[in-house]
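# Descriptive analysis of the structure
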Amino acid sequence: MIIALDGPAASGKGTLAKRLAKHFGFAHLDTGKLYRAVGLAVLRAGEDPEDADAAERAATALTPSGLDNPALAGDDAAVAASKVAAIPAVRDALLSFQRRFAESPPDEAAGAVIDGRDIGTVVCPGAPAKLFVTASLEIRAERRHKELLGRGETSIYARVLQDLTERDERDSNRAVSPLLAADDAKVLDTSTLDPDAAFAAALAYVEKRLKDASNR
Ligand code: C5P
């Protein structure tokens, strides 16, 4: 059983994914971390995240231990991630890891919740439950800004808004696997929903979809 969650940065999909995984006892994969780890590795090697050869090298060398780094949560990693994510060879290198996770979730979990940008469209197009989680740009920037301040980091709202605008633009307009709701995804706009209300709406949809799938 796969639950696919896609959507732009700071839409609330990560929080929802964790809660859904806990609720169903499923494994959770945040695929943004894979791209962030590749972006960060390229930066740390002193190379340019838009350099296709450097990014492909970093993607093929990625190991699960590279996903535990707290620096992955930072904005430098996010910006570099959205650059390496536009490179087809990087996406190819990360696809098999994601599909393996979907096919055999760790710890013998009965299913997986996978969140990202292209899970419902490319990674797991056959997933029985697909959510496209979104919110207005300003609300997402506000959330991200508060999250950074809450972690004790310095943050300037205008800069966060600018970064998200550029990241949305790159993610939506790239030639390979652009950020897009699958035709059969339920769009959940969390702009006016608090986390509990967003979870309740997502859960009602997912429960119905998983029930329909197991009756088939
Ligand atoms: O979700 P998160 O903000 O951590 O993702 C960082 C970047 O990684 C995104 O802006 C996007 O460019 C890229 N990404 C992607 N496909 C995914 C997950 C993330 O292109 N499935």
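Residues numbered from 1 in each chain as written. Predicted model: local features only at pLDDT ≥ 70, side-chain atom pairs only at ≥ 80, totals over all residues. Heavy atoms only, no water.

## Considering unusual backbone geometry
The bulk of non-glycine residues show a negative phi, and the bulk of peptide bonds are trans. The test is simple: The helix count covers DSSP runs of H or I at least four residues long, the strand count covers runs of E at least two residues long, and both are numbered beginning at the N terminus.
Even without a glycine there, the phi angle at Ala-10 is positive, about 60°. One can find Ala-10 in the loop between β1 (2–6) and α1 (13–24). Positioned with a positive phi, Asp-107 is a non-glycine residue whose angle comes to about 60°. Locating Asp-107 in the fold gives a position in the loop between α5 (88–103) and β3 (112–116).

## Observations regarding the site of the ligand
Our working rule: Here a residue is considered near a molecule or strand provided that any single heavy atom belonging to it is located within 4 Å of it. Contacts described as polar in this section are N or O atom pairs within 3.5 Å, which, within protein, must combine one atom able to donate a hydrogen with one able to accept it, while residues neighboring in sequence count only if both atoms come from side chains. Per-residue accessibility takes into account occlusion by the displayed protein chains alone, with areas from the Shrake-Rupley method and a 1.4 Å probe. Both site types are read off a 1 Å grid over the protein atoms alone. A 1.4 Å probe that fits but cannot get out defines a cavity, while an open set with protein on both sides within 12 Å along at least five of seven lines defines a pocket; lining residues have an atom within 4 Å of a point. For this analysis, a molecule is said to be in a pocket or cavity if more than half of its atoms are within 2 Å of the grid points defining it. Classes in brief: Ala, Val, Leu, Ile, Met, Phe, Trp, Tyr, Cys and Pro nonpolar; Asp, Glu, Lys and Arg charged; the others, Gly included, polar. Domain delimitation follows an automatic or database domain assignment.
The environment of the ligand is formed by 15 residues, the closest being Arg-36, Arg-91, Arg-117, Arg-167 and Asp-171. The side chain of Arg-36 places a nitrogen or oxygen atom 2.6 Å from an oxygen atom of the ligand. Here the ligand loses 96% of its free accessible area of 460 Å² to cover by the protein chains. Judged by the proximity of its atoms to the pocket grid, the ligand belongs to the largest pocket. For the shell around the ligand, the elements supplying multiple residues, two or more each, are α2 (32–44), α4 (75–84) and α8 (157–173). For the shell around the ligand, the element with the most residues is α2, which contributes 3 residues. Within the shell around the ligand, the residues separate by chemical class into 3 nonpolar, 4 polar and 8 charged. Each of domain 1 (1–26 + 111–216) and domain 2 (32–108) accounts for three or more of the residues forming the shell around the ligand.

## Focus on the nonpolar core
Formally: What we call a nonpolar core is a set of buried Ala, Val, Leu, Ile, Met, Phe, Trp, Tyr and Cys residues that are connected through their side-chain atoms within 4.5 Å. Here the term buried applies to any residue with accessible area under 20% of the maximum for its type, exposed to any over 50%, and partly exposed to those in between, with areas from a 1.4 Å probe on protein chains only.
Core analysis: the biggest nonpolar cluster contains 19 residues, and Tyr-35, Val-38, Val-42, Ala-55, Val-84, Val-90 and Leu-94 have the highest contact counts within it. Contributions of two or more residues to this core are made by α2, α3 (52–60), α4 and α5. Top element by residues in this core is α2. It accounts for 6 residues.

## Side note on α5
The criterion, for reference: One fewer than the residue count of a helix, multiplied by 1.5 Å, yields its expected span. Consider a residue and the seven residues that end there alongside the seven that start there; fitting an axis to each set, the bend is the angle between those axes.
Its 16 residues give α5 an end-to-end C-alpha distance of 22 Å, which sits within 8% of 22 Å, the value for a rise of 1.5 Å per residue. Along its length, α5 reaches its greatest deviation from straightness, about 25°, at Leu-95. Buried residues of α5: Val-90, Arg-91, Leu-94, Leu-95, Gln-98, Phe-101 and Ala-102, and no others.

## Some thoughts on the domain arrangement of the protein
To keep things clear, this is the line we draw: The quantity reported as buried area is the accessible area (1.4 Å probe) lost by two parts once they are put together, taken as the sum for both. Any carboxyl oxygen of Asp or Glu within 4 Å of a side-chain nitrogen of Lys or Arg constitutes a salt bridge here.
Partitioning the protein into domains gives domain 1 (1–26 + 111–216) and domain 2 (32–108). Centre-to-centre, using C-alpha coordinates, domain 1 lies 19 Å away from domain 2. Across the domain 1/domain 2 interface, buried area totals approximately 1600 Å², and carbon plus sulfur atoms make up 53% of it. Sorting the residues of domain 1 by area buried against domain 2 places Val-123, Arg-167 and Arg-170 first, and these three jointly supply 30% of that buried surface. Linking domain 1 to domain 2 there are 2 salt bridges. Between Arg-144 and Asp-75 there is a salt bridge, with its nearest N and O atoms 2.7 Å apart. In this assembly, domain 1 and domain 2 are joined by 7 residue pairs in polar contact (both at pLDDT 80 or more). Listing elements by their share of the side of domain 1 that touches domain 2, those giving two or more residues are β3, α6 (119–123), α7 (137–150) and α8. Broken down by element, the side of domain 1 that touches domain 2 gets its largest block of residues, 4 residues, from α8.

## Observations regarding the layout of surface pockets
Definition in use: Grid points are joined across faces, edges and corners, and a volume is the space filled by probe spheres set on the points.
Considered as a void within the structure, the largest pocket measures approximately 1200 Å³ in volume. What lines the largest pocket is a set of 47 residues, among which Lys-13, Gly-14, Asp-30, Arg-36 and Asp-115 lie closest to the centre. The greatest single-element share of the lining of the largest pocket, amounting to 5 residues, is contributed by α1. Lining the lining of the largest pocket are residues from two domains, each supplying at least three of them: domain 1 (1–26 + 111–216) and domain 2 (32–108). Considered as a void within the structure, the second largest pocket measures approximately 160 Å³ in volume. In terms of lining, the second largest pocket is formed by Asp-75, Asp-76, Leu-148, Glu-153, Thr-154, Ser-155, Ile-156, Arg-159, Val-160 and Asp-163. Looking at the lining of the second largest pocket, the elements with two or more residues in it are α4 and α8.

## A few points about empty space enclosed by the protein
Throughout the structure, instances matching the rule amount to 1 cavity of 30 Å³ or more. Approximately 60 Å³ is the volume attributed to the largest cavity. Asp-75, Ala-78, Val-79, Arg-144, Val-160, Asp-163, Leu-164 and Arg-167 together form the lining of the largest cavity. Broken down by element, the residue count for the lining of the largest cavity peaks at 4 residues, all from α8. By residue class, the composition of the lining of the largest cavity is 4 nonpolar, no polar and 4 charged. Taken domain by domain, the lining of the largest cavity gets at least three of its residues from each of domain 1 (1–26 + 111–216) and domain 2 (32–108).

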